[in-house]
Amino acid sequence: METGLAIVIGLFFAVSVYLMLSKQLVRMLLGIAILGNSVNMSIFLNGRLTREVPPVIPQGLLVPTEVTANPLPQALVLTAIVISFSFFAFLLVLAFRAYQEVGTDDVNEMRVAEPENDPLPPQGY
Amino acid sequence: MAGPISSAKVDYSAAMNLAPVAAGDWLVVAPVLISLVGGAVCLMTRKNTQAQPKLAMIFLALLVAANLGLLVRVLDKGVITMVMGGWLPPFGIAFTADALGATLSLVASIVAFCAGLYGAVTVDGTGRRYGYYPFLVLLMAGVCGAFLTGDIFNLYVWFEVLLIASFGLIILGNDRPQLDGAVKYGVLNLIGTNLFLIGTGMIYGVFGTLNMADIAAKISELDNAASGTLLTIGVLYFLAFAMKAAAFPVNFWLPASYHTPNIVVSAVFAGLLTKVGVYALIRIFVLIMPESRDYMADLIAVVAIATMITGVLGALAQTEVRRVFGYLVIAGIGSMLAGLAVGSNLAISGAIFYAVHSILVMTALYMAAGVMHRMGGSYDMRELGGLYGANPAFAGVFLILAFAVSGLPPFSGFWPKVMLVDAAMSDGRGWLAFAILLSGFLTTLAVGRVWIYAFWRGGPEGTPDGTAVAASGGTISIGSSALWLPIGILTAMIVYFGLQPEVMFDLSARGALGVIEPLGYVRSVFGDAP
């Protein structure tokens, strides 16, 4: 089970890296979205996969009677999902605004902040 | 939902700290609390552009006071820990303030205070309505939280808090270059935090805990089988934080974006953001994973040399003053990484001292660039000139800042460089020491040229020698104390630390000892028992 999930996570990472190497901004953003998901799955896997009962303590007891699933990675992943989702939303809007202003989504041509033919500093006094 | 368990039967002391928190220990969470409340208040009053700066300044002043109180208490009582919810560590999220975190937190809040003052002039009504002050105060929540937290996942969360606040600041104004720079800044920083998160997940997989003190205590008991995994985590963390700190191969987001926003935003970013990355590197590699640091020392040294040299060469190749300073931020990061590469007590102290110096001087330089823009009407070295004639006192202040950033005595940049060179030489890393000195020399050329062109010569390019053209002066009065006061405060601190370095020697030595000998840190979290 863990091996299988590890392979899936590896595929996710491969896809996200491939997409991020693209020069189209939208593809890069899709790559980042997939990267976030693969990171979340790897956290989940690091909490160990078990097919045990949910971590709920029966009424009247102080500790669970049997091995339960690990709730902490789920809490971590939930935090990370919320954060990466909001960042992704922000970056999508930002990319769209940049596309409107700069007129291209090819990162090689996005040279407004660092112009290609920037003058050299003065050579002599 | 009343269960059959009566609370009398349950021994809460096995899982909770029942003793009330000492009144002074609330200072550990005070900086974050003040920033979050302040951010919320500023957000509520964002339409009231007159009252909002005053409210923000009250909160930023409170923040400085809280950080000062915290530092005094840490120096007095040693490391202080507060665990959220009163749960016993490692189950509750711990906030642990040691000398390193408290010092950097204090210096960062002073810089934020100065930026709040400066922003009252440079940020117009639109910028205020779009949230300059709320974002600035919330940024401080992220920065102080990152400096004070004792939990790795919590560190990730504070990184995200400061990142989202910095996104809000960097696009303030909505210019074309800004949007272009913000895309590169945003995308690369998001990839960096994702790498950080992978490493954090693996840390949890190996140790079953995310509390820094817990990991520091457990790592020595780990058998050799896990050393490969640890090294993977170490490399991931190094890549992630090197990206945050703008170290050599992964630093291209910084020169692409730092010159685009409002000048006060550039000043805050140059002062604070990269240094949080350096702090995380010191915290992770010296406190938690010293073996990974030993193993990667040569790699870190190579990265440090490359960062210093490429940074300062980049600065030499620029004609835009803000971009020169952007590259100088990178060169400074290289010096701090040099301290991390050596890793001795002296070297880490030097890196901490350098971080404090760099926070102060880079912010002050960007603020000075803003004043130069107001006086000369441009950020371009070719178009600036005659500023010495316009305001000799300001020319002197800029010269002080230029000397400080180059590491020339008697200013604050000199002492950490002495410590770093000394530590590198005694560790047998002559090349590292040479690179530190070379980058200092080249920095002198880069900022010296800015001073000569913008201040010393009579006017813009083409002005005949020996004649002086009056600087255009700009449309807004430059006599405003809100512009001079922040630069004055920062310059005074730079001069003070240069003339009286004992204060910083003591603070940085205590900070370094606190991470190199983690016993005090671990005891603060877990008590004396283990």
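Residues numbered from 1 in each chain as written. Chains lettered and ligands numbered in written order. Predicted model: local features only at pLDDT ≥ 70, side-chain atom pairs only at ≥ 80, totals over all residues.

Chemist: When you look at the overall build of chain A in this model, what are you seeing that I'm missing?
Modeler: Broken down by element type, chain A carries three helices and zero strands. Listed N to C, the secondary structure of chain A is α-α-α in terms of helices and strands. Taking 2.2 N^0.38 as the reference for a compact globule, 125 residues should give roughly 14 Å; the C-alpha atoms of chain A span a radius of gyration of 23 Å, well beyond that estimate. Along the first, second and third principal axes, the C-alpha set of chain A runs to 80 × 35 × 30 Å. By residue count, 24% of the 125 residues in chain A fall in the buried class. Long-range contacts, defined here as pairs at least 24 residues apart, represent 54% of the contacts in chain A between residues at least 6 apart. (Helix = DSSP H or I, 4+ residues; strand = E, 2+ residues; numbered from the N terminus. Rg over C-alpha atoms; globule rule 2.2 N^0.38 Å. Buried ≥ 20, exposed ≤ 12 C-beta atoms within 10 Å, placed from the backbone. Contact = placed C-beta atoms within 7 Å.)

Chemist: Any chance you could explain the interface of chain B and chain A here in plain terms?
Modeler: Quoted interface sizes are often the accessible area lost when the parts come together. Taken together, the contact pairs 40 residues of chain B with 35 residues of chain A. Looking at the side of chain B that touches chain A, the elements with two or more residues in it are helix H6 (152-170), helix H7 (176-207), helix H10 (253-257) and helix H18 (430-456) of chain B. Examining the composition of the side of chain B that touches chain A, we find that 18 residues originate from one element, H7 of chain B, more than from any other. Each residue belonging to the side of chain B that touches chain A can be placed in one class, and the counts come to 23 nonpolar, ten polar and seven charged. (Nonpolar A, V, L, I, M, F, W, Y, C, P; charged D, E, K, R; others polar.)

Chemist: Which parts of the structure should I look at to understand the UniProt feature "transmembrane region" (unreviewed entry) in chain A?
Modeler: Residues and elements named next belong to chain A. With numbering matched to this structure, UniProt assigns "transmembrane region" (unreviewed entry) to residues 6-21, 28-45 and 75-96. Helix makes up 94% of residues 6-21 and strand 0%, whereas the separation of the span's terminal C-alpha atoms amounts to 23 Å. Taken as a whole, residues 75-96 contains 100% helix and 0% strand, while its terminal C-alpha atoms sit 32 Å from one another. (UniProt positions renumbered as here; feature names shortened; annotations may be inferred.)

Chemist: Any chance you could explain unusual backbone geometry here in plain terms?
Modeler: Residues other than glycine predominantly adopt negative phi, and peptide bonds predominantly adopt the trans conformation. Residues and elements named next belong to chain B. Here Pro409 and Pro410 are connected by a cis peptide whose omega angle stands at 0 degrees. The phi dihedral of Ala246 falls on the positive side, at around 65 degrees, and the residue is not glycine. Here Ala246 lies in the loop between helix H9 (227-245) and H10. Its 27 C-beta neighbours within 10 Å are what place Ala246 among the buried residues.

Chemist: Just to check I follow, could you spell out the confidence of the model for chain A for this structure?
Modeler: Close reading of the predicted structure is inappropriate where its pLDDT is low. For chain A, mean pLDDT is 88; residues scoring 70 or higher make up 99% of the total. Per-element mean pLDDT across chain A ranges from 91 in helix H3 (residues 71-102) of chain A up to 94 in helix H1 (residues 2-20) of chain A. (pLDDT = per-residue confidence, 0-100.)

Chemist: For this particular structure, what's the right way to read the UniProt feature "domain: NADH:quinone oxidoreductase/Mrp antiporter transmembrane" (unreviewed entry) in chain B?
Modeler: Annotation from UniProt places "domain: NADH:quinone oxidoreductase/Mrp antiporter transmembrane" (unreviewed entry) at residues 151-443 of chain B. Structurally, residues 151-443 of chain B comprises 80% helix and 0% strand, and the distance from its first C-alpha atom to its last is 37 Å.

Chemist: How should the environment of Met289 of chain B be read in this particular structure?
Modeler: Residues and elements named next belong to chain B. Mapped onto the elements, Met289 comes out in the loop between helix H11 (263-288) and helix H12 (290-316). The exposure class assigned to Met289 is buried, which follows from the 23 C-beta atoms found within 10 Å. If near-sequence neighbours (up to four positions away) are discounted, Met289 is found in contact with Ile219, Leu230, Gly234 and Ile284.

Chemist: What is the right way to look at the confidence of the model for chain B in this model?
Modeler: Residues and elements named next belong to chain B. Mean pLDDT over chain B: 89, with 95% of residues reaching 70 or higher. Low pLDDT (under 50) marks residues 1-5, which in the prediction has six contacts with non-local residues, meaning those over four places away or in another chain. In the predicted complex, the global pTM is 0.93; the interface-specific ipTM is 0.92.

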